[in-house]
Amino acid sequence: MTESVAPPPGTVLCKPDALDDPGAKGFTFGHGADRFDMFLVRKDGAVHAYLNECPHAHARLDNWPDKFLTLDETRIVCGVHAALFEIESGLCTSGPCTGRRLTPVAVEVIDGEVRIAASQPATNRP
Ligand code: FES
């Protein structure tokens, strides 16, 4: 489970064009208790960011590096128990955590780079 805080605001993740559209890429910062796992997902030109943590069992979503999407690339899928999530909202629409959401990470595009934003949304953890 990711318990650490996001990297400092302004931390560069990648250029938007480094992501397929649709496509996704994972990022890991820190080690041990300070490890922070997140991913970006791009669809229709928009970039969304979430913690790499399923709200069902708090496992990583990707069984394989950067494999966050269904085969038809229309939804995010958890590789553990196959929960499905909307790309745009992180809402789980099918699986053991239906109705719950992935935890968003605030990012912004500045000077052609996706960066960690200054303010982070509140988490939905219990
Ligand atoms: S850990 Fe993701 S669906 Fe169970």
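Our structure is the block above this text.
A brief look at the structure comes next. (Residues numbered from 1 in each chain as written. Predicted model: local features only at pLDDT ≥ 70, side-chain atom pairs only at ≥ 80, totals over all residues. Heavy atoms only, no water.)

## Notes on the sheet that holds strand β1 (residues 12-14)
Backbone-to-backbone hydrogen bonds join strands into a sheet, with any given pair of strands oriented parallel or antiparallel. Just so we agree on the cut-off: Any two strands between which DSSP finds at least two bridges are classified as paired. Only DSSP runs of H or I reaching four residues or more are called helices, and only runs of E reaching two or more are called strands; each is numbered from the N terminus. Helix axes are fitted to C-alpha atoms over the stretch in contact, other axes to C-alpha atoms as well, and angles between N-to-C directions run from 0 to 180 degrees.
Judged by pairing direction, the sheet is antiparallel, and its three strands sit side by side in the order β1-β9-β8 without closing on themselves. The sheet is open, and its two borders are formed by β1 and β8 (107-110), each paired with just one other strand. Strand-to-strand, the axes of this sheet are offset by a mean angle of 40°, without reference to chain direction. As defined by bridge partners, β8 adjoins strand β9 (residues 113-116) across four bridges and the pair is classed as antiparallel. By the bridge assignment, Val-107 is partnered in β9 with Ile-116.

## Description of the pairing of strand β4 (residues 46-51)
Pairing of strand β3 (residues 36-43) with β4, which is carried by six bridges, proceeds in the antiparallel orientation. Residue pairing across strands places Phe-39 opposite Tyr-50, the latter belonging to β4. Hairpin connection between β3 and β4: a loop of two residues separates the two successive antiparallel strands, and Asp-44 in this loop has a positive phi of roughly 55°.

## Details of the packing of aromatic side chains
Defined as follows: Here a Phe, Tyr or Trp ring, Trp counted by its six-membered ring, pairs with any other such ring whose centre lies within 6.5 Å, and the pair is stacked when the planes are under 30 degrees apart, edge-to-face when over 60, and tilted otherwise. Each residue's exposure class comes from its accessible area (1.4 Å probe, protein chains only) as a fraction of the maximum for that residue type: buried when under 20%, exposed when over 50%, partly exposed otherwise.
Tallied over the entire structure, the rule returns two aromatic pairs. Centroid distance Phe-39 to Tyr-50: 5.9 Å. Interplanar angle 40°. Geometry classified as tilted. Remark: Tyr-50 occurs in strand β4 and Phe-39 occurs in strand β3; sequence separation between them is eleven residues. On the basis of relative accessible area, Phe-39 is assigned to the buried category, the value being 0%. A residue is classified by how much of its surface remains accessible, and Tyr-50, at 3% relative accessible area, is buried. Plain terms: the ring middles of Phe-39 and Phe-68 are 4.1 Å apart, the flat faces sit at 10° to each other, and that makes the pair stacked.

## Description of the pattern of salt bridges
It is possible for side chains bearing opposite charge to pair when their charged atoms get close. Spelled out, the test is: Basic side-chain nitrogens of Lys or Arg form a salt bridge, by our definition, when they fall within 4 Å of a carboxyl oxygen of Asp or Glu.
In total, this model carries seven salt bridges according to the counting rule given. Salt-bridge contacts for Asp-21 lead to Arg-42; the nearest nitrogen and oxygen are separated by 3.9 Å. Taken together, the residues Asp-21 in the loop between β1 and β2 (23-29) and Arg-42 in strand β3 connect sequence positions 21 residues apart. A relative accessible area of 38% means that Asp-21 is categorised as partly exposed. Accessibility expressed as a relative area gives 14% for Arg-42, which makes it buried. Its salt-bridge partner being Glu-88, residue Lys-43 comes within 3.0 Å of it at the nearest N-O pair. Taken together, the positions of Lys-43 in strand β3 and Glu-88 in the loop between β6 (84-86) and β7 (92-94) put the pair 45 residues apart, joining distant regions of the chain. Via salt bridges that share partners, Arg-35, Asp-37, Arg-60 and Asp-62 belong to a single interconnected network.

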